[in-house]
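Inside the fold
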Amino acid sequence: MNIAFSLNGQKTSVTIPEDITLLAMLREYLNLTGTKQGCEIGECGACSVLLDGKLVNSCMILAPQVEGREVITIEGIRGPNGGPNDLQQNFIDHGAIQCGYCTPGMILACEALLSAHLNPSRSEIREALSGNLCRCTGYQQIVDAVEATAKSRNLQIEGQKTNG
């Protein structure tokens, strides 16, 4: 079957079997391997993507369900120059990346949080990350990176209000 949808801001059309997951389509048919295959039962968050702006586990979504919708993967998160965006840079700066396997899902979970709530408390950050498992960092550095990103984004907004 052929499905058409927006992928990382680009209109995309792909022919796939109708019984595969969004995760399989991304990795096997579109060669977007930043979305990681983990538990395949929706428990680890390694396969997290944004579907119409909401965080979902791509292993739990059938690919045909994205017809006409918007999917953002880790490959769609980048800074203005094509490098890391501010959140990704804060992950690097705060040591929130260890083995890196969970990082794409964590970044997408944090972007979903920050797009909905730009002043999250540390407990709200931890809650937003609760669907993503990390065996390396202990989460403290991840929370620090998200908190730093929220602060800097708030400063940018305040600066725009003052200058605009």
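Predicted model only: the values in this text are computed from it and were never measured. (Residues numbered from 1 in each chain as written. Predicted model: local features only at pLDDT ≥ 70, side-chain atom pairs only at ≥ 80, totals over all residues. Heavy atoms only, no water.)

Looking now at the side chain of Asn 8. Locating Asn 8 in the fold gives a position in the loop between β1 (2-7) and β2 (10-15). According to the relative accessible area criterion, Asn 8 is buried, its value standing at 15%. Only 2.7 Å separates the side chain of Asn 8 from the backbone nitrogen of Thr 73, close enough to count as a polar contact. Residues contacting Asn 8, with those up to four places away along its chain left out, are Leu 32, Val 71, Ile 72, Thr 73, Glu 75 and Gly 76. (Helix = DSSP H or I, 4+ residues; strand = E, 2+ residues; numbered from the N terminus. Buried < 20%, exposed > 50% of the residue type's maximum accessible area, 1.4 Å probe, protein only. Polar contact = N/O pair within 3.5 Å; in protein donor to acceptor, adjacent residues only side chain to side chain. Contact = heavy atoms within 4.5 Å.)

With that out of the way, let us pick up the nonpolar core. Counting 25 residues, the largest nonpolar core has Phe 91, Met 106, Leu 129, Ile 142 and Val 146 as its most contacted members. Broken down by secondary-structure element, the contributors of at least two residues to this core are α2 (86-93), α3 (103-116) and α5 (140-163). Of all the elements, α3 adds the most residues to this core, at eight residues. If near-sequence neighbours (up to four positions away) are discounted, Phe 91 is found in contact with Ala 96, Ile 97, Thr 103, Met 106, Ile 107, Cys 110, Ile 142, Ala 145 and Val 146. Formed by 18 residues, the second largest nonpolar core is a distinct cluster that contains Val 14, Ile 16, Val 56 and Ile 61. (Core = buried A, V, L, I, M, F, W, Y, C linked by side-chain atoms within 4.5 Å.)

With that settled, consider the sheet that holds β2. Pairing is mixed in the open sheet, where five strands are placed in the order β2-β1-β5-β3-β4. In the strand order of this sheet, the two ends are held by β2 and β4 (54-57), each with one partner. Ignoring which end each strand starts from, the neighbouring axes of this sheet average 40° apart. Of the strand pairs in this sheet, strand β3 (residues 48-51) and strand β5 (residues 70-72) are connected by two bridges, and their pairing is antiparallel. Across the sheet, Leu 50 pairs through a bridge with Ile 72, a residue of β5. Contacting β3, β4 and β5, α3 runs over the sheet at an angle of about 35° to β3. (Pairing = 2+ DSSP bridges. Axes fitted to C-alpha atoms, helices over the stretch in contact; angles between N-to-C directions.)

All chains considered together, the criterion is met by six salt bridges. Note that Arg 69 and Asp 52 form a salt bridge whose closest N and O atoms lie 2.7 Å from each other. Of this pair, Arg 69 sits in the loop between β4 and β5 while Asp 52 sits in the loop between β3 and β4, and the two are 17 residues apart along the sequence. Residue classification places Arg 69 among the partly exposed residues on the basis of a relative accessible area of 31%. Residue class for Asp 52 comes out partly exposed when judged on its relative accessible area of 38%. Residue Arg 122 pairs with Glu 147 through a salt bridge whose shortest N-O separation is 2.7 Å. In this pair, Arg 122 is assigned in helix α4 (residues 122-128) and Glu 147 in helix α5, connecting sequence segments 25 residues apart. Here the salt bridges share partners, and the residues they tie into one network are Asp 86, Glu 111 and Arg 153. (Salt bridge = Lys/Arg side-chain N within 4 Å of Asp/Glu carboxyl O.)

Both faces of β3 are covered, namely the face carrying Ser 48 and Leu 50 and the face carrying Val 49 and Leu 51. In terms of strand pairing, β3 meets β4 through four bridges, oriented antiparallel. Looking at β4, one finds that Leu 51 is bridged to Lys 54. Count of turn residues in the β3/β4 antiparallel hairpin: two residues, of which Asp 52 carries a positive phi of about 55°.

As defined by bridge partners, β1 adjoins β2 across six bridges and the pair is classed as antiparallel. By the bridge assignment for β2, Ser 6 is matched with Lys 11. From the end of β1 to the start of β2, which pair antiparallel, there are two residues, and Asn 8 there has a positive phi angle of about 55°.

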